[in-house]
Amino acid sequence: GDSVTQMEGPVTLSEEAFLTINCTYTATGYPSLFWYVQYPGEGLQLLLKATKADDKGSNKGFEATYRKETTSFHLEKGSVQVSDSAVYFCALRSNFGNEKLTFGTGTRLTIIP
Amino acid sequence: NAGVMQNPRHLVRRRGQEARLRCSPVKGHSHVYWYRQLPEEGLKFMVYLQKENIIDESGMPKERFSAEFPKEGPSILRIQQVVRGDSAAYFCASSPLRDRNSGNTIYFGEGSWLTVV
């Protein structure tokens, strides 16, 4: 079945540091890939997505590129802020039908001033 | 969160009581998904419903849990005879019928936090 493997946390960085959170997946066919963010005590918000190979999703300074050859969708940001502290979830969804999202375990990110 | 409404946001129940969680999907969305997030853990899929039909309940515990999405009204996740281990955040999500124009994003609600005491 489909699965998502995420870099284990927690991750602690200083403000303005470069961020990478690794995500790899296993799926049949060519799924769509997503990053969701969860701020403390809140629900999930879609951060960015990519629907086919070599697509780059971007939002709020975050980027991720759909790499079919390495089955990866790593999240990056060039300069993190304290307000980026949250839990980040990588997820995939089949491009056929209305299948559910399959999530990784989440990576807790803490940015210190 | 694109309009998925969940209530209550916070619910406290004593062991043995029933918990009912409601979810109104984005207007026009015909597909609803329920996920559970245990403390300090990721999201686990529970059930996927269309109007009046359960499509995939592979993540639902075999006992005490049930879900419905009636023709009219919100989707309901029902937990009977709650136990402490049911304490978690329950997230509802919705999506439209997938077609060329609708995209493939699933939108989440703010969640319902259940505490069993």
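Scroll up to find the structure this text is about.
Residues numbered from 1 in each chain as written. Chains lettered and ligands numbered in written order. Predicted model: local features only at pLDDT ≥ 70, side-chain atom pairs only at ≥ 80, totals over all residues. Heavy atoms only, no water.

### Regarding the interface of chain B and chain A
- Between chain B and chain A, the residue contacts involve 25 residues of the former and 25 residues of the latter.
- For the pair chain B and chain A, the summed buried area comes to about 1900 Å², and 46% of that belongs to carbon and sulfur atoms.
- Connecting chain B to chain A are one salt bridge.
- Residues Asp56 of chain B and Lys100 of chain A are paired through a salt bridge, measuring 3.5 Å at the closest nitrogen-oxygen approach. (Contact = heavy atoms within 4.5 Å. Buried area = accessible area lost by both parts, 1.4 Å probe. Salt bridge = Lys/Arg side-chain N within 4 Å of Asp/Glu carboxyl O.)

### Some words on the side chain of Ser72 of chain A
- Residue position: Ser72 of chain A is located in the loop between β8 (62-65) and β9 (75-77).
- At 2.8 Å, the side chain of Ser72 of chain A forms a polar contact with the side chain of Thr70 of chain A. (Helix = DSSP H or I, 4+ residues; strand = E, 2+ residues; numbered from the N terminus. Polar contact = N/O pair within 3.5 Å; in protein donor to acceptor, adjacent residues only side chain to side chain.)

### What about the layout of surface pockets?
- Estimates place the volume of the largest pocket at around 750 Å³.
- Along the walls of the largest pocket sit 39 residues, with Phe89 of chain A together with Gln37, Glu40, Glu41 and Gly42 of chain B positioned nearest its centre.
- When contributions to the lining of the largest pocket are tallied by element, the ones reaching two or more residues are β10 (86-93), β11 (102-103) and β12 (107-112) of chain A together with β4 (31-37), β5 (43-50), β9 (88-95) and β11 (112-116) of chain B.
- With four residues, β12 of chain A is the largest single contributor of residues to the lining of the largest pocket.
- Along the lines of polarity and charge, the residues of the lining of the largest pocket split into 18 nonpolar, 14 polar and seven charged. (1 Å grid on protein atoms, 1.4 Å probe; cavity = no way out; pocket = protein on both sides within 12 Å on 5 of 7 lines; lining within 4 Å. Points joined across faces, edges and corners; volume = space filled by probe spheres on them. Nonpolar A, V, L, I, M, F, W, Y, C, P; charged D, E, K, R; others polar.)

### Brief notes about the pattern of salt bridges
- The tally for this structure, following the rule as stated, stands at seven salt bridges over all chains.
- Residue Lys77 of chain A is joined to Asp84 of chain A by a salt bridge in which the shortest nitrogen-to-oxygen separation is 2.8 Å.
- Judged by its relative accessible area of 10%, Lys77 of chain A is buried.
- The exposure class of Asp84 of chain A is buried, given its relative accessible area of 6%.
- Of the charged contacts in the structure, one is a salt bridge between Arg64 of chain B and Asp86 of chain B, with a shortest N-O distance of 2.7 Å. Of this pair, Arg64 of chain B sits in the loop between β6 (53-56) and β7 (65-68) while Asp86 of chain B sits in the loop between β8 (75-79) and β9; the two residues are 22 residues apart in sequence, bridging distant segments of the chain.
- Residues participating in the shared-partner salt-bridge network are Glu18, Arg20 and Arg78 of chain B. (Buried < 20%, exposed > 50% of the residue type's maximum accessible area, 1.4 Å probe, protein only.)

### Here's the deal with the state of the cysteines
Residue and element names in this part refer to chain A.
- This structure, assessed with the given rule, holds two disulfides over all chains.
- Each disulfide pairs two cysteine sulfurs, and for Cys23 the partner residue is Cys90, the sulfurs being separated by 1.9 Å. For the disulfide bridge between Cys23 and Cys90, the dihedral angle about the S-S bond is near -70°, and by the sign convention the bridge is left-handed. Here Cys23 is found in strand β4 (residues 23-26), whereas its partner Cys90 is found in strand β10, with 67 residues between them in sequence.
- On the basis of relative accessible area, Cys23 is assigned to the buried category, the value being 1%.
- The exposure class assigned to Cys90 is buried, which follows from its relative accessible area of 1%. (Disulfide = S-S within 2.5 Å.)

### Thoughts on the nonpolar core
- Counting 26 residues, the largest nonpolar core has Trp35, Leu47, Leu48, Phe73, Leu75 and Tyr88 of chain A as the members making the most contacts within it.
- Broken down by secondary-structure element, the contributors of at least two residues to this core are β2 (11-14), β3 (19-21), β4, β5 (32-38), β6 (44-50), β8, β10 and β12 of chain A.
- Residue contributions to this core peak at four residues, all from β10 of chain A.
- Once you skip the residues sitting within four places of it in the chain, Leu48 of chain A turns out to touch Leu33, Phe34, Trp35, Gly57, Ser58, Asn59, Phe62, Glu63, Ala64, Phe73 and Leu75 of chain A.
- Of all hydrophobic cores here, the second largest spans 23 residues; its members include Ala88, Cys92, Leu114 and Val116 of chain B. (Core = buried A, V, L, I, M, F, W, Y, C linked by side-chain atoms within 4.5 Å.)

### Side note on the pairing of β2 of chain A
All names here are of chain A.
- Burial along β2 is one-sided: Val11 and Leu13 are buried, and none of Thr12 and Ser14, which face the opposite way, are.
- Note that β2 and β12 share four bridges and pair parallel. Following the sheet pairing, Leu13 is matched in β12 by Ile111. (Pairing = 2+ DSSP bridges.)

### Some remarks on the packing of aromatic side chains
Residues and elements named next belong to chain B.
- The full count for this structure, using the stated rule, is 12 aromatic pairs over all chains.
- Relative to Phe45, the ring of Tyr35 has its centre 5.8 Å away and its plane inclined at 70°; by these criteria the two rings are edge-to-face. Here Tyr35 is found in strand β4, whereas its partner Phe45 is found in strand β5, with 10 residues between them in sequence. The pair Tyr35 / Phe45 is uniform in exposure class, with both members buried.
- With a centroid separation of 5.6 Å and an interplanar angle of 80°, the aromatic rings of Phe91 and Trp113 are classed as edge-to-face. Of this pair, Phe91 sits in strand β9 while Trp113 sits in strand β11, placing them 22 residues apart in sequence.
- The partly exposed category is assigned to Trp113, whose relative accessible area is 23%. (Phe/Tyr/Trp six-rings, centres within 6.5 Å; stacked < 30°, edge-to-face > 60°.)

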